[in-house]
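The primary structure of each chain is shown beneath.
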Amino acid sequence: MAHASATEAHAHEHATQEHHGPQGILKYLWSTDHKVIAMQYLFTGMFMAMVGGFMAYVFRMQLAFPGKSVPLFGYVSPGEYNALITGHGSIMIFWVAMPVLIAAFGNYLIPLMIGADDMVFPRINRLSYQIFLLSVLVILSSLFVKGGGFGGAWTSYPPLSANADYNLTPLGSSMWLVAVALEFVAFLLGGINFITTLMNARAPGMKAYDIPMVPWMIVIASILFMLSVGPLFAGAIMLFFDQNLGTGFFDPTRGGDPVLWQHLFWFFGHPEVYVVLLPAVGIVIDIVATFARKKLFGYKTLLYTAVATGVLSFFVWAHHQFIAGIDPRMANIFTVTTLLISVPIAEMCFVIIATLYGGDIRLKVPMLWALAFVGEFLIGGVTGIFLGASGADAYLHETYFVLAHFHYTFFPIAIIGTFAGFTYWFPKMFGRMMNETLGKIHFWGTIIPFNFIFIPLFVLGLDGQQRRIYNFQNFPELQHLQPVRILATISLVVMLFFQLFFFWNVIRSWRKGPKAEKNPWKSNTLEWTTESPPPHGNWPVDEMPKVYRGPYEYNHPDREEDYWPQNLPA
Amino acid sequence: MLHGLITEASSFAGSIDWLIFLVLVLVGFWFILAEGVFFWLIFRFRSRPGHTGQYLTGKEKHIKRWINIPHALVLVCDVVIVIAAIHVWYIVKMDLPPADYTIRVTGQQWAWVFQQPGEDGQLDTPDDIFTTDSLHVEVNKTYQFLLESRDVIHDFSVPVFRLKQDAVPGRTITGWFRPTKTGTFDVQCAKLCGIGHGVMEGSLVVEDQAHHTAWVAKNTPAAAQ
Amino acid sequence: MHKPIATTRSATGIPTGRLAVWWVLASEIVIFGGLLASYVMHRIGHPEWAVAASHTNTWIGATNTFVLLTSSFTAVLAHQAAEHGDGKTAAKYLLMTIGGAATFITIKSFEWAHEIREGFTITANGFWSFYYTAAGLHALHVIAGAVVMAFIARDAMKGRELHRVELVGIYWHFVDVIWIFLFPLLYIAK
Ligand code: HEA
Ligand code: HEA
Ligand code: CUA
Ligand SMILES: [Cu+2]
């Protein structure tokens, strides 16, 4: 289409006209501006992180001090315990990691980083958030309906989840399912927007390999999500019918098969972990390049590893089902594919580490978070290998070892990666600088307790402690481990306390932090070439950026300064 | 390796522990290497007066080596781990040694029901012994178990045996174990199965031949004689 | 509301709307793919379902296949007219396509009403569960497509947004293709 410039001029005319639409709060809710929608996702995700964190606090207190009343909550019954862990797992993945890493950062950064003024489908974008908000309301209210919230784990295995006689939460389980399905729809709509925006709305001159890593990774993740969620969506319909119409898709007494759900779930579930991993990796890479003042070590290599990870992730799902009654010979195939996936991910980690070589590393708060991501994620990654080795998983399955493994991947991704991105783009988003000292206190106050929560859980897992049990006093072999559980819980309370520094920092900086200039970190990518915060339309219409080079030209020998923005003519 | 933490009480517990140890050594090596290089680089290339960054694209052959060689070596480690894992998996889950006794284990919300042969040594005869939440077995005998479930998915887990297997309604899953130590151990349910999941524990009593024979004799239903 | 510059760009050379429709179809294909794969696995595992399948009416199914194929043809004609900028004709053909959709749904509801009277409800057995779920999901797509087409036809009548005629046409062919898979799997395999 050669008519791009002609129509852009046409669009300019429109852009200069006054907007007509609802005013006040309604205007905010009905805005189609990608930055506003990003903020809606960000704050909804932040709120849900507090909900999920609070749930973790409640059930960890119950584990450390079983049968005692938990401050701010009360006594935890077994049914409530199950509902809490189910809610915690589902919320942290579907309503924290996904909305913040993909939707919030994706909406905010993709248009800004590719030099566009908005998404290509602004109204679908708004619809996506509205459906998401609906799913939030459904999942939150499901916790308070008669019978209580769903307690069948975030994996929702039938027949337990399919039959109210078994789970005793007739309303809760259906509402959980509906909420998850709505969330999927929201992210399908959002994903189509991200993908087409990246494909079509790039600034003039921006070639495929000039795109920064954040848009790339979010778009690869969206494609991965889109291609893996379908079967589970169909599965959700079947499960909903089983729950409410009395069909028997997953009921063995009526010709169904409970293991079918597990296949549908994990065919999505495993790619899903990379769906949240990739955006976090993209954020970390951009931050590392900026603060190490270094060109990326192998831009294309990173892209290939991301795509290879994505492709491989479709062939590993049954490693969650080694002992679920599948044919034991099948396990061998999945052991091979699972271990193979360590190669691209190892390479990804090595490339990030190698980028530090020859750098000029500045340990600002966002950089601390980004580096912590690498250091901690490695623990989560290598412990995945124990589980991928079928012979070892025969013992480790469903123990706290699995739990520690995936918190060492998810926490770096969803919490550390988010804090990295949040502190890095805060000046752009809110036009103010954050306080470095408070930021560092918050950083160390989060990272140190984090390790003290989850390292002990590896030990518990190797010791044979199973997941999803509300009270270990019933198991003689596990009783002597109580001090370890208490250690983990106390560390959590310490970590939660240090989050206050974060909120204090955010509120303080927002109101009276020093004004941020356009490009406080001296970074190359396009979002730093506009005002902080960017105006509606991101750039004045006649100053839309053009791109002349890749995003990571730091310390280029031909240049006086140690950075070279993408939009500066040669 | 785990015996410091938890008893090894079955014939294959040692193999599993050995596999975990092998993986620990291999990935541990890479982990320490990667973290070591990582922290060293952060220290070595920290920003300080007089220090400037370099312009490296990562495309230079002699630099790319630093990624390509580890890449190949990780692949080699993967192959070693796969072979070891499948070897152990074969022993534990694919191979089915001839049974001295066959028992039936049934999970239900929220109890374990064990059915084992009475004095005649045959399963599914009138003198079978049914117990709930407690299983008596004889040391150094090979047991095959038929695992079933009456309602939802449960998981028959005996940590000291390093044994774990889902019980799926509608299926009968066959597995085996061979106790090697006497004592009383935990049986757990390892799949979330409803509000009683946390109390679905049982006990496993491994006893020597004399005790076990006596137990069987005592518990064989009289009516069947 | 103003039109963002982003919506006017086309770095790939493919119109954004068409790109988006293809991605929508990609996500739909995996949904139906998952459902049909589950069905096929079960069907192989349950030879006795053939008995249930023999109660489906192949003739009605074939008629509906014919109806859908015809409506796809009128969708193509609508696209052609839109290419030539003839909104009125495009709208006319779109209305004929909607007519096809309505015929399809009408036939389907008589068929289902009959089957339900015979006692073949969604809970009757596994086959019927899949039958109603898969065909029902497909029927929802037919209805959604018809509704969207009505809006597009209204615009086309006034000569506006003619490119959308092509987009809904792509979608309509997809709905057709799904049926081409459903028909043999649910009706013919006995
Ligand atoms: C984002 C989250 C995330 C990520 C990135 C991963 C990454 C990996 N996971 Fe994890 N996993 C989960 C989230 C995640 N996982 C969750 C949530 C569950 C539990 C779900 C539930 O049951 O509730 C789970 C469970 C789980 C299981 C099932 C356990 C069980 O239930 O029995 C397995 C088994 O194979 C597994 C394996 C792996 C592997 C091999 C990787 C690999 O991708 C890791 C690759 C990375 C590295 C290997 C590190 C870098 C490499 C090196 C330093 C080189 C050295 C390495 C070698 C020599 C091999 N995971
Ligand atoms: C992203 C995923 C994620 C995250 C971050 C966490 C965080 C935590 N998890 Fe969670 N967890 C899961 C995913 C996650 N978990 C899943 C999937 C399960 C399995 C559920 C199941 O079995 O079905 C699980 C289960 C689980 C269990 C097992 C329960 C059981 O099996 O009996 C435990 C036990 O200790 C636990 C503990 C914790 C703790 C202490 C934290 C702490 O780290 C939490 C601390 C919280 C915070 C520190 C919030 C801070 C954030 C902010 C203040 C806002 C910042 C936001 C912005 C800037 C936008 N988790
Ligand atoms: Cu039975 Cu958990
Ligand atoms: Cu996985």
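Structure report, in brief. (Residues numbered from 1 in each chain as written. Chains lettered and ligands numbered in written order. Predicted model: local features only at pLDDT ≥ 70, side-chain atom pairs only at ≥ 80, totals over all residues. Heavy atoms only, no water.)

**Side note on the overall build of chain A**
Then step 1. Counting secondary structure elements, chain A contains 17 helices and zero strands.
Then step 2. Its C-alpha atoms give chain A a radius of gyration of 24 Å, near enough to 25 Å, the size a compact globule of 570 residues would have.
Then step 3. Its C-alpha atoms put chain A at 70 × 50 × 50 Å along the principal axes.
Then step 4. Across the 570 residues that make up chain A, the buried fraction comes to 70%.
Then step 5. Long-range pairs, those at least 24 residues apart, make up 80% of the contacts in chain A with a sequence separation of at least 6.
Then step 6. On chain A, roughly 18200 Å² of surface is accessible, and the fraction owed to carbon and sulfur atoms is 69%.
Then step 7. Each charge class in chain A was averaged separately, 32 positive and 34 negative side chains, and the resulting centres sit 6 Å apart. (Helix = DSSP H or I, 4+ residues; strand = E, 2+ residues; numbered from the N terminus. Rg over C-alpha atoms; globule rule 2.2 N^0.38 Å. Buried < 20%, exposed > 50% of the residue type's maximum accessible area, 1.4 Å probe, protein only. Contact = heavy atoms within 4.5 Å. Areas by Shrake-Rupley, 256 points an atom, 1.4 Å probe, with all protein chains shown as cover. Lys, Arg positive; Asp, Glu negative; His and termini not counted. Charge placed at Lys NZ, Arg CZ, Asp CG, Glu CD.)

**Details of the pattern of salt bridges**
Then step 1. Considering all chains together, one arrives at 22 salt bridges over all chains under this definition.
Then step 2. We note a salt bridge from A:Lys440 to A:Glu436, for which the minimum N-O separation is 3.9 Å. Of this pair, A:Lys440 and A:Glu436 both sit in helix α16 (residues 436-462), separated by four residues, roughly a single helical turn.
Then step 3. Since its relative accessible area comes to 27%, A:Glu436 is described here as partly exposed.
Then step 4. For B:Glu148, the salt bridge identified is with B:Arg104, shortest N-O distance 3.4 Å. (Salt bridge = Lys/Arg side-chain N within 4 Å of Asp/Glu carboxyl O.)

**Quick word on helix α13 (residues 365-388) of chain A**
Then step 1. For α13(A), which comprises 24 residues, the first-to-last C-alpha distance of 35 Å matches the rise-based estimate of 34 Å (1.5 Å per residue) to within 8%.
Then step 2. Most of α13(A) sits inside the fold, with 23 of its 24 residues counted as buried. (Expected span 1.5 Å × (residues − 1).)

**Considerations on the site of ligand 1**
Then step 1. Taken together, 33 residues sit near ligand 1, with A:Tyr274, A:Asp393, A:His397, A:His405 and A:Arg467 positioned nearest.
Then step 2. At the site occupied by ligand 1, nearby residues are drawn from chains A and B.
Then step 3. The backbone of A:Gly388 places a nitrogen or oxygen atom 3.1 Å from an oxygen atom of ligand 1.
Then step 4. One of the side-chain nitrogen or oxygen atoms of A:His397 is found 2.6 Å away from an oxygen atom of ligand 1.
Then step 5. Of the residues forming the shell around ligand 1, the biggest block, eight residues, is contributed by α13(A).
Then step 6. Here the residues of the shell around ligand 1 are counted per class, giving 19 nonpolar, 10 polar and four charged. (Near = heavy atom within 4 Å. Polar contact = N/O pair within 3.5 Å; in protein donor to acceptor, adjacent residues only side chain to side chain. Nonpolar A, V, L, I, M, F, W, Y, C, P; charged D, E, K, R; others polar.)

**As for the interface of chain C and chain A**
Then step 1. In this complex, chain C contributes 37 residues to the contact, which on the side of chain A involves 55 residues.
Then step 2. When chain C packs against chain A, close to 3800 Å² is buried across both sides, 72% of that on carbon and sulfur atoms.
Then step 3. If you look at where chain C meets chain A, you find zero salt bridges.
Then step 4. Joining chain C to chain A, the criterion identifies 10 residue pairs in polar contact (both at pLDDT 80 or more).
Then step 5. Secondary structure elements with two or more residues in the side of chain C that touches chain A: α1 (16-45) and α5 (126-157) of chain C.
Then step 6. In terms of residues, the side of chain C that touches chain A owes the most to one element, α1(C), which gives 14 residues. (Buried area = accessible area lost by both parts, 1.4 Å probe.)

**Comments concerning the interface of chain B and chain A**
Then step 1. Each partner contributes residues to the interface: chain B has 77 residues there, and chain A has 89 residues.
Then step 2. For the chain B and chain A pair, buried surface summed over both sides reaches about 7200 Å², with 69% attributable to carbon and sulfur atoms.
Then step 3. In terms of surface lost to chain A, no three residues of chain B exceed B:Tyr55, B:Trp89 and B:Leu192, which account for 11% of the buried area on that side.
Then step 4. Counting across the chain B and chain A interface gives one salt bridge.
Then step 5. Between B:Arg171 and A:Asp257 there is a salt bridge, and its shortest N-O distance comes to 3.1 Å.
Then step 6. Remark: the boundary between chain B and chain A carries 25 residue pairs in polar contact (both at pLDDT 80 or more).
Then step 7. In terms of residue count, helix α2 (residues 61-94) of chain B provides more of the side of chain B that touches chain A than any other element does, 16 residues in total.
Then step 8. Looking at the side of chain B that touches chain A residue by residue, the class counts come to 46 nonpolar, 16 polar and 15 charged.

**Describing the coordination of the iron atom of ligand 1**
Residues and elements named next belong to chain A.
Then step 1. There is one protein donor for the iron atom of ligand 1, namely His405 (NE2), at 2.2 Å.
Then step 2. Between the iron atom of ligand 1 and the copper ion (ligand 4) the interatomic distance amounts to 4.5 Å.
Then step 3. For His405, the position within the fold is in helix α15 (residues 400-430). (Donors = N, O, S within 2.8 Å, 3.2 Å for Na, K, Ca; no water.)

**Brief notes about the site of ligand 2**
All names here are of chain A.
Then step 1. Ligand 2 sits among 34 residues. The nearest are Arg60, Tyr81, His88, His407 and Arg468.
Then step 2. In the model, a nitrogen atom of ligand 2 is placed 2.8 Å from a nitrogen or oxygen of the His88 side chain.
Then step 3. Note that an oxygen atom of ligand 2 is positioned 3.5 Å from one of the side-chain N or O atoms of Arg467.
Then step 4. Of all elements in the fold, only α3 (34-64), α4 (78-113), α15 and α17 (482-512) reach the threshold of two or more residues within the shell around ligand 2.
Then step 5. When residues of the shell around ligand 2 are assigned to their parent elements, the largest contribution, 11 residues, is made by α15.
Then step 6. In terms of residue class, the shell around ligand 2 is made up of 26 nonpolar, five polar and three charged.

**Here we look at the packing of α16(A) against α17(A)**
All names here are of chain A.
Then step 1. Their axes nearest at 8 Å, the elements α16 and α17 cross at an angle of 160°. The orientation of α16 with respect to α17, classified from their angle, is roughly antiparallel. Note on packing geometry: the crossing formed by α16 with α17 is left-handed.
Then step 2. A class-by-class count of the residues in the contact of α16 with α17 yields 19 nonpolar, seven polar and two charged. (Axes fitted to C-alpha atoms, helices over the stretch in contact; angles between N-to-C directions. Parallel < 35°, antiparallel > 145°, perpendicular 65-115°, else oblique. Left-handed = near helix turned anticlockwise from the far one by under 90°.)

**Some remarks on the arrangement of the chains**
Then step 1. There are two pairs of chains in contact here, and the one with the most contacts is chains A and B.
Then step 2. Taking C-alpha atoms as the reference, chain B and chain C come no closer than 14 Å and do not contact one another.

**Things to note about a positive patch on the surface**
Then step 1. Residues A:Lys300, B:Lys59, B:Lys61 and B:Lys64 make up a contiguous surface patch of positive charge.
Then step 2. Structurally, the position occupied by B:Lys61 is in helix α2.
Then step 3. Exposure remark for B:Lys61: the relative accessible area of 75% places this residue in the exposed category. (Patch = residues over 30% accessible without salt bridge, like charges linked within 9 Å, V, L, I, M, F, W, Y side chains within 5 Å.)

**Details of the coordination of the copper ion (ligand 4)**
Residue and element names in this part refer to chain A.
Then step 1. Those protein atoms acting as donors to the copper ion (ligand 4) are His270 (ND1), His319 (NE2) and His320 (NE2), and they sit at 1.8 to 2.1 Å.
Then step 2. Of note, the copper ion (ligand 4) draws all its donor residues from one chain, in the sequence arrangement H-x48-H-H.
Then step 3. Judged by relative accessible area, His270 falls into the buried class, the value being 7%.
Then step 4. Of the residues examined, His319 reaches a relative accessible area of 13% and is grouped as buried.

**A look at the nonpolar core**
Then step 1. The biggest cluster of nonpolar side chains holds 338 residues, and the ones touching the most others in it are A:Trp95, A:Leu356, A:Phe373 and A:Trp425.
Then step 2. Residues lining this core come from more than one domain, with at least three contributed by each of domain 1 (13-94) and domain 2 (101-219) of chain B.
Then step 3. Sequence-distant contacts of A:Phe373, defined by excluding residues within four places in its chain, comprise A:Leu277, A:Ala280, A:Val281, A:Val284, A:Pro412, A:Ile413 and A:Ile416. (Core = buried A, V, L, I, M, F, W, Y, C linked by side-chain atoms within 4.5 Å. Domains from an automatic or database assignment.)

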